[in-house]
Amino acid sequence: MSDILHPHITLPEGSIEKQTSTLNLGPTHPATHGVFQNILELDGERIVSAEQTVGYIHRAFEKLAERRPLYQITTLTDRLNYCSSPINNMGWHMTCEKLLKVQTPKRVDYLRVIIMELARISDHLICNSIVGVDTGALSVFLYVMQYRELIYEIYEEICGSRLTTNIGRIGGFERNFNNTAFTKLEKFMAEYPKVLKEFETLLTRNRIFMERTIGAGPIAAERALNYGFTGPNLRAAGVDYDVRVHSPYSSYEDFNFEIPVGKTGDCYDRFLVRNLEMWESLKIIDQAYKKVQEFKGAEAEVYHADIPEYYLPKKEDVYTKMEALIYHFKIVMGETEIPAGEVYHSVEGGNGELGFYLISDGGRTPYRLHFRRPCFIYYQAYSEISQGAMLSDAIITLSSLNVIAGEMDA
Amino acid sequence: MSRPVRFNIHAKDADIRDNVAITEMPEGLQGEGFFATNLEQVVGLARKNSLWPLPFATSCCGIEFMATMGSHYDLSRFGSERLGFTPRQCDLLMVMGTIAKKMAPVLRQVYLQMAEPRWVLAVGACASSGGIFDTYSVLQGIDQVIPVDVYVPGCPPRPEAILDGFIRIQDLVHNESLRRRNSEHYTALLGSYGIQ
Amino acid sequence: MQANIPFWVGGALIMSLTNEKIQQRLQEKFGELVSGFEEPYGMLTFAAPKENNIKVLQFLFDDEELRFQFLTALCAVHYPERKGEELAVVYHLHNLVDNVRIRFKVFTDINQPDVYTATSLYSTANWMERETFDFYGVNFVGHPNLKRILNVDEMDYFPLRKEFPLEDQTRRDKDDEMFGRGGSFM
């Protein structure tokens, strides 16, 4: 057979002619938007099977965390899902607060909600515009990127950093939000809805976009649950599970918002759910900002819980007050008491339930810290999702699942 | 309605001194109808202003690179409009993010595939030195496997810093001797990385 | 758009399933086998012998009342000082209908870390178990593809076990005193 087709190729004696071709996608393939490898077995353009290899940026977060005092682990959480680091930061602080039984003031909760929802918007915005890029619409990406910069400017005003924010402290924030931050927030709230509307107009009913995404990479709700999907990807499949509602943290119960759900769990539904979630996030920020403005007088100056045992005192106090110096010393040298116990706390991250399982033996560092990383968990379904799909669909599926390599490989 | 993009309704007459940025002319002799300079400078000038970067983005720094490349900071202003995604066509390898030991052979492979002359920019603490990840799984700086021309510090560096690193690469490209890649010194440098 | 899952009651936040009830159901079924019930920070935690882990998980999954059908997380913990049960495999389960979480542990000897796999119940356990194997060397019996996932295949030890160092051993330029290498905060 092969002699007729390819007279110049002679297969060794006894070999079976291969009917499919193998394609290596990644780990540095530009279309994968991250570092992971897929070895695809292709029959023509149809994928017969996909085998994933991950771990190309495994950085040993869990081992590192065993050597870091609680308050230094924030820097690690930044680098999990770097598209929405504030959510990770807050999640970690809340885990610590749960362990230390710290009650945060309402104003802190609301400020946290603002920051977390901004992070969610920037996360979804990147994901959705990348889906646009993969369907051939680069302009939306270039356009909305400017508005992500506005969010970064707000972070910068609050903590001085853009991407890996390291925002907040155990018990609250490192400093109060300044007026510029609020002004920038107002500016963002005024400008962004128009842009989001425009973004939706460009894509949602765009014929090409719909043709490319509808029916691409679907997953049924039952399979999604069995695969441990959470977040927008699970909601696109039709399950309205959202940690913000089911285990409210940071006073999310005070807010009025909806959980958008899809039906088919395909790329289009995932896109729509993320878009709708951005609208909900805007609603939440709006409510939270109003609530923050209601605090008057001394209450408006509250930005951390009153826990001198765990919250580093102000630097000028350290230099001038005896007590502050003692606490500073105790915290930095690890003399404060940390209860032994095990805590699981989860937050709704950009990609789903981001969980922290912390075992403390009373020492300064965690005895064991396990991160429940949503990306790692749902990416394993990719080989099942992409089976039988066209190669080009598989690429969109990958970007619309929003697999963040940093979070996946920890 | 104010929109970020406006139609140019007051088009100006083309004015080459005002609208278009032109690089400085290299030193040389000129007269009517001719300009003479040495080849090295012309080649440097051409290379410098049309670098094709290969983004090797693995983690957080890659997101900052997206911002650099995006409309706000716009890397294409420096002549790198064209991001090549194949190492065969690119001159500048931009390594952004943590390189794990599992990734190191891949990075080396990509570097080897690039044609000379090639430059390497290590963006961020992880690519430069391993950064905060002094762990069993992370390569402690990409200079353990490939030679690096410019390091950009930061975790992640701001887009301005990445641009600064890029401009420094441009300086290197501009001033590089045409014979450098054939020199013994360069062969020895590559030899120290086991590259023939 | 609406939820189309039949068994899901939209946003049920009623805690009809209490920890006491779960404990009671488990003890009815397994008697002495399940032990060590506690409730750290409100989450019911219990342990069972490692031979029975799948039986317990299957019961939690299938039981009409318990319905712990969502595996939130699976990880291992290393306790070098507990002789004979150095490794703990921890399952975090979630009943999405009643919105209750529980934590289930099995302990195993580090010299023979064989634990039955949960992949037949939860597809998601596949990679979680591979990760646990990669980090701690827990051998999940019956796993379809048990090999390293995050680390390089050539690695010959299980890096998250307490006896192994965190740092890259090839570095010479970091001063121990200044950077605290090799030392510990504990």
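Residues numbered from 1 in each chain as written. Chains lettered and ligands numbered in written order. Predicted model: local features only at pLDDT ≥ 70, side-chain atom pairs only at ≥ 80, totals over all residues.

### Quick look at the overall build of chain C
On a plain count of helices and strands, chain C comes out with 4 helices and 7 strands. In chain C, the order of α-helices and β-strands from amino to carboxyl end is α-β-β-α-β-β-β-β-α-β-α. Every one of the 186 residues in chain C was classed for burial, and the buried ones make up 37%. Looking at chain C alone, contacts between residues at least 24 apart form 50% of all its contacts between residues at least 6 apart. (Helix = DSSP H or I, 4+ residues; strand = E, 2+ residues; numbered from the N terminus. Buried ≥ 20, exposed ≤ 12 C-beta atoms within 10 Å, placed from the backbone. Contact = placed C-beta atoms within 7 Å.)

### Some remarks on the overall build of chain A
The number of helices and strands found in chain A is 18 helices and 6 strands. Since a compact globule built from 410 residues should have a radius of gyration of about 22 Å, the 24 Å found for chain A is in line with a globular shape. Taken along the three principal axes of its C-alpha coordinates, chain A extends 90 × 45 × 35 Å. Residue pairs at least 24 apart in sequence account for 70% of intrachain contacts in chain A once pairs closer than 6 positions are excluded. (Rg over C-alpha atoms; globule rule 2.2 N^0.38 Å.)

### What about the pairing of strand β3 (residues 46-53) of chain A?
Judged from the 7 bridges that link them, strand β2 (residues 37-43) of chain A and β3 of chain A form a sheet pairing that is antiparallel. Within β3 of chain A, the position partnered with Glu41 of chain A by the bridge is Ser49 of chain A. (Pairing = 2+ DSSP bridges.)

### So, the environment of Gln170 of chain B
Residues and elements named next belong to chain B. Position of Gln170 among the secondary structure elements: in helix α5 (residues 159-175). Residue Gln170 is classed as buried on the basis of its 21 C-beta neighbours within 10 Å. Once the C-alpha coordinates of Gln170 and Lys48 are considered, the two residues, 122 residues apart in sequence, prove to be 5.1 Å apart. The contacts of Gln170, once residues within four sequence positions are left out, are Lys48, Leu51 and Phe78.

### Quick word on the sheet that holds strand β6 (residues 368-372) of chain A
Residues and elements named next belong to chain A. As summarised here, the arrangement of the 3 strands in space is β4-β5-β6, forming an open sheet in which the pairing is antiparallel. Both outer strands of the open sheet, β4 (340-348) and β6, are each paired with one neighbouring strand and no more. Within this sheet the neighbouring strands show an average axis-to-axis angle of 10°, counted without direction. As defined by bridge partners, β4 adjoins strand β5 (residues 353-361) across 9 bridges and the pair is classed as antiparallel. By the bridge assignment for β5, Ala340 is matched with Asp361. Packing of helix α4 (residues 85-100) onto the sheet brings it into contact with β4 and β5, and relative to β4 it is tilted by some 150°. (Axes fitted to C-alpha atoms, helices over the stretch in contact; angles between N-to-C directions.)

### Focus: the packing of helix α5 (residues 106-134) of chain A against helix α12 (residues 267-294) of chain A
Residues and elements named next belong to chain A. Two elements in contact, α5 and α12, have axes separated by 9 Å at closest approach and are oriented at 155°. With respect to α12, the element α5 is oriented roughly antiparallel. α12 is crossed by α5, and the crossing has left-handed handedness. Among the residues forming the contact of α5 with α12, the class breakdown is 17 nonpolar, 4 polar and 6 charged. (Parallel < 35°, antiparallel > 145°, perpendicular 65-115°, else oblique. Left-handed = near helix turned anticlockwise from the far one by under 90°. Nonpolar A, V, L, I, M, F, W, Y, C, P; charged D, E, K, R; others polar.)

### A word on unusual backbone geometry
The residue after Glu116 of chain B, namely Pro117 of chain B, is reached through a cis peptide bond having omega -5°. Position of Pro117 of chain B among the secondary structure elements: in the loop between α3 (104-113) and β5 (119-123). Note the cis peptide between Cys155 of chain B and Pro156 of chain B, where omega equals -10°. One can find Pro156 of chain B in the loop between β6 (150-152) and α5. Of note in the backbone geometry, Ala60 of chain A takes a positive phi value of approximately 60° without being a glycine. Secondary-structure assignment places Ala60 of chain A in the loop between β3 and α2 (61-65).

### Looking at the UniProt feature "domain: NADH-quinone oxidoreductase subunit D" (unreviewed entry) in chain A
Per the UniProt record, the feature "domain: NADH-quinone oxidoreductase subunit D" (unreviewed entry) sits at residues 134-409 of chain A. Helix makes up 52% of residues 134-409 of chain A and strand 8%, with an end-to-end C-alpha separation of 23 Å. (UniProt positions renumbered as here; feature names shortened; annotations may be inferred.)

### What about helix α7 (residues 179-203) of chain A?
Residues and elements named next belong to chain A. Helix length check: α7 (25 residues) gives 36 Å between terminal C-alpha atoms against 36 Å at 1.5 Å per residue, within 8%. The largest bend in α7 amounts to roughly 30° and is located at Tyr192, with the proline Pro193 lying one to four residues further along. Among all positions in α7, only Ala181, Leu185, Phe188, Tyr192, Phe199 and Leu203 are buried. Packing partners of the buried residues in α7 comprise α5, α6 (138-159), α8 (207-213) and α12. (Expected span 1.5 Å × (residues − 1). Bend = angle between axes of the 7 residues up to and from the residue.)

### Here's the deal with the interface of chain B and chain C
Across the contact, 8 residues belong to chain B and 8 residues belong to chain C. In terms of residue class, the side of chain B that touches chain C is made up of 2 nonpolar, 3 polar and 3 charged.

### Notes on the interface of chain A and chain C
Across the boundary between the two partners, chain A contributes 44 residues, which contact 37 residues of chain C. Going through the elements one at a time, α2, α9 (221-226), α11 (243-246), β4, β5, β6 and α15 (374-379) of chain A are the ones with two or more residues in the side of chain A that touches chain C. The residue inventory of the side of chain A that touches chain C, partitioned by class, reads 18 nonpolar, 14 polar and 12 charged.

### Focus on the nonpolar core
Counting 215 residues, the largest nonpolar core has Leu93, Met94, Val95, Leu121 and Val123 of chain B together with Ala76 of chain C as its most contacted members. With near-sequence residues (within four places) excluded, Leu121 of chain B lies in contact with Leu92, Met94, Asp149, Val150, Val152, Gly165, Phe166 and Ile169 of chain B. (Core = buried A, V, L, I, M, F, W, Y, C linked by C-beta atoms within 7 Å.)

### Description of the pairing of β4 of chain A
Looking along a regular strand, one sees side chains alternate from face to face of the sheet. For β4 of chain A, the buried fraction is high: 7 of the 9 residues fall into the buried class. Linking two consecutive strands that pair antiparallel, namely β4 of chain A and β5 of chain A, is a turn of 4 residues; a positive phi of about 140° is found at Gly352 of chain A within it.

### Quick word on the sheet that holds β5 of chain B
All names here are of chain B. The strand order β3-β4-β5-β6 describes an open sheet built from 4 strands, whose pairing is parallel. Unpaired on one side and paired on the other, β3 (53-57) and β6 mark the two borders of the sheet. On average, each strand axis in the sheet is tilted by 15° relative to the strand beside it, whichever way the strands run. Two strands pair when backbone bridges link them, and strand β4 (residues 92-96) and β5 are joined in this way by 5 bridges, in the parallel orientation. Its bridge partner lying in β5, Met94 is registered against Leu121.

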